[in-house]
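Here is what each chain is made of, one letter per residue.
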Amino acid sequence: MIAEKMKNMVANSSAIRAMFEEGNRLAQIYGAQNVYDFSLGNPNVAAPEAVKQAIRELIDEEDPVVLHGYTNSNSGYADVRETVADSLNERFGTRFEGKNIVMTVGAAGGLNVILKSLINPGDEVIAFAPYFGEYRSYTNNYDGILVEISPDTENFQPKLDEFRQKITPKTKAVIINTPNNPTGVVYSEETIRELAAIMENKQKEYGTDIFLISDEPYRELVYDGAQAPYLTKYYDNTIVGYSYSKSLSLPGERIGYLVIPDEVTDSEEVLAAANVATRILGFVNAPTLQQKVVAKCIHEKTDISYYNRNREALYQGLRECGFECIRPEGAFYLFVKSPVSDEKEFCAAAKKHHILIVPGSSFACPGYVRLAYCVSYETIVNSLPKFRELAKEYFE
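We now turn to the structure provided with this report. If you're wondering where the values come from, they're calculated on a predicted model, not measured in any experiment.

What counts and what doesn't
- Residues numbered from 1 in each chain as written.
- Predicted model: local features only at pLDDT ≥ 70, side-chain atom pairs only at ≥ 80, totals over all residues.
- Heavy atoms only, no water.
- Core = buried A, V, L, I, M, F, W, Y, C linked by side-chain atoms within 4.5 Å.
- Buried < 20%, exposed > 50% of the residue type's maximum accessible area, 1.4 Å probe, protein only.
- Helix = DSSP H or I, 4+ residues; strand = E, 2+ residues; numbered from the N terminus.
- Contact = heavy atoms within 4.5 Å.
- Pairing = 2+ DSSP bridges.
- Axes fitted to C-alpha atoms, helices over the stretch in contact; angles between N-to-C directions.
- Parallel < 35°, antiparallel > 145°, perpendicular 65-115°, else oblique.
- Left-handed = near helix turned anticlockwise from the far one by under 90°.
- Nonpolar A, V, L, I, M, F, W, Y, C, P; charged D, E, K, R; others polar.
- Polar contact = N/O pair within 3.5 Å; in protein donor to acceptor, adjacent residues only side chain to side chain.

1. Brief notes about the nonpolar core
Stage number 1. Membership of the largest hydrophobic core comes to 36 residues, with the highest contact counts inside it found for Phe38, Leu314, Leu371 and Phe387.
Stage number 2. Elements that contribute at least two residues to this core include exactly helix H13 (305–321), strand S9 (333–337), helix H14 (343–351), strand S12 (368–372) and helix H15 (377–395).
Stage number 3. Element by element, the count of residues in this core is highest for H13, at six residues.
Stage number 4. Those residues in contact with Phe38, other than ones at most four positions away along the chain, are Leu314, Ile355, Leu356, Ile357, Arg370, Leu371, Ala372, Val375, Thr379, Ile380, Ser383 and Phe387.
Stage number 5. One finds Ala54, Leu67, Tyr244 and Leu248 within the second-largest nonpolar core, a separate group that totals 29 residues.

Encoded structure:
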């Protein structure tokens, strides 16, 4: 008999993964070229050539016992952490040192490490809908309580009035994700400043520490000159979680980092806890080869022009079909309003046309669906006639 906590998690297992698996099944029946799978945020742009070159150089030049062994610190190689800190300082005008960096098993590993380090049973963690559904599971892992802020479906910026009302003495952390999955929205600097002011005031009111956790796997994927504010500059108790899954197209390599600035309350204690949490969660340390790879490729980026072309084609194509969606400024997702109130019904209708999309209820925002446009351009072009057929069922 499995654990009671796992029963609910199994019952509510990821709709995204389920749809992805369904896409593989349909592809075997109808051929991959006849299935239009927009379910999973799995980058289709290859990693930069420098990544391949870095791997070859490291394998040829490094001592394999050292390269593939445990790191001296569970937080990762000291030189890699210094390189990450220097890069952030250069880009954002920060003053981090290597000690402020904890290398992690992707952003997901980093979020679990920091929540393990901070959360006591019954502590509340706030998330702004729509949000990545695993935030609930990650919070539940440590017996925390996820508190949702309902979505503003006009512009998908956080509802700050509701946020102010829902902060309580039990609030321990707030998770923010910009550029956002699933909407592609970038939170404005005005929004960030107001959010930070609310949190500062609530800390003073309750005499507690409230940590802002910035989940940033899509930071480098922005379009039309949009910029995502670097949150440590607006609020002292900010911790950043980053992943190279999207910026270097390395999702399966599971490499990222946490930034825990000196300005964080009891930062040395938090850093020590994150170091231990990395070990006792079973990660031990982030993948050693990939730590060295990303350090060598610290100035490299995925060519997002491919995603931008997809964004334009899919956004314009769906709008011409009659569908409503907000224009994304970042990431590689479109969040589309379902033409019927039950978006799962709409997902089922789309599947009949071999179009695979994810219901918005997976992101605490029913009535919408998410499309991941990190697919081939040909997939988007070939899907549009199918979307037009689908639209006829609702708009004619």
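2. Some details on the sheet that holds S9
Note on sheets: strands pair through backbone hydrogen bonds, and any given pair is parallel or antiparallel.
Stage number 1. Sheet architecture is open: three strands sit in the order S9-S12-S11, paired in antiparallel fashion. Bordering the open sheet on either side are S9 and strand S11 (358–359), each of which pairs with just one other strand.
Stage number 2. In the sheet, S11 pairs with S12 via two bridges, with the strands oriented antiparallel. Bridged to Val358 within S12 is Arg370.
Stage number 3. Contacts from H13 reach S9 and S12, with the element oriented near 10° to S9.

3. Section: helix H12 (residues 288–296)
Stage number 1. Of all the nine residues making up H12, eight are buried; the element is thus mostly covered by neighbouring parts of the structure.
Stage number 2. Here H12 has its buried residues at Thr288, Leu289, Gln290, Gln291, Lys292, Val293, Val294 and Ala295.
Stage number 3. In this fold, the buried residues of H12 make contact with helix H3 (49–61), helix H4 (64–67), helix H5 (78–92), strand S2 (101–104) and helix H10 (244–247).

4. A closer look at the packing of H13 against H15
Stage number 1. Relative orientation of the contacting elements H13 and H15 amounts to 15°, with a least axis distance of 9 Å. Compared by their axis directions, H13 and H15 come out roughly parallel. Between H13 and H15 lies a crossing whose hand is right-handed. Between H13, through Arg309, Asn310, Ala313, Leu314, Gly317, Leu318 and Cys321, and H15, the contact on the second element is made entirely by Tyr377, Ile380, Leu384, Phe387, Arg388, Ala391 and Phe395.
Stage number 2. For the contact of H13 with H15, the per-class residue count stands at ten nonpolar, two polar and two charged.

5. So, the pairing of strand S7 (residues 238–243)
Stage number 1. Counting buried residues along S7, six of its six residues qualify, which places the element largely inside the surrounding structure.
Stage number 2. In S7, alternate side chains face the same way, and those of Thr238, Val240 and Tyr242 on one face and Ile239, Gly241 and Ser243 on the other are all buried.
Stage number 3. When S7 meets strand S8 (residues 256–259), the two strands line up antiparallel, connected through four bridges. Bridge pairing in S8 links Ser243 to Gly256.

6. Observations concerning the side chain of Asn112
Stage number 1. Tracing the backbone through its elements, the reader meets Asn112 in helix H6 (residues 106–118).
Stage number 2. Within polar-contact distance, the side chain of Asn112 engages the side chain of Asn141 at 3.0 Å.
Stage number 3. Ignoring any residue separated from it by four or fewer positions in sequence, one finds Asn112 in contact with Tyr138, Asn141, Tyr142 and Leu281.

7. Focus: the sheet that holds S2
Stage number 1. Strand order in the open sheet made by the seven strands is S2-S8-S7-S6-S5-S3-S4, with mixed pairing throughout. Both outer strands of the open sheet, S2 and strand S4 (145–149), are each paired with one neighbouring strand and no more. Here the strands of the sheet are splayed against their neighbours by 20° on average, with no regard to which way each runs.
Stage number 2. Alignment of S2 against S8, held across four bridges, turns out to be antiparallel. Bridge pairing in S8 places Thr104 opposite Gly256.

As far as function goes, none of this settles anything; it's purely spatial.
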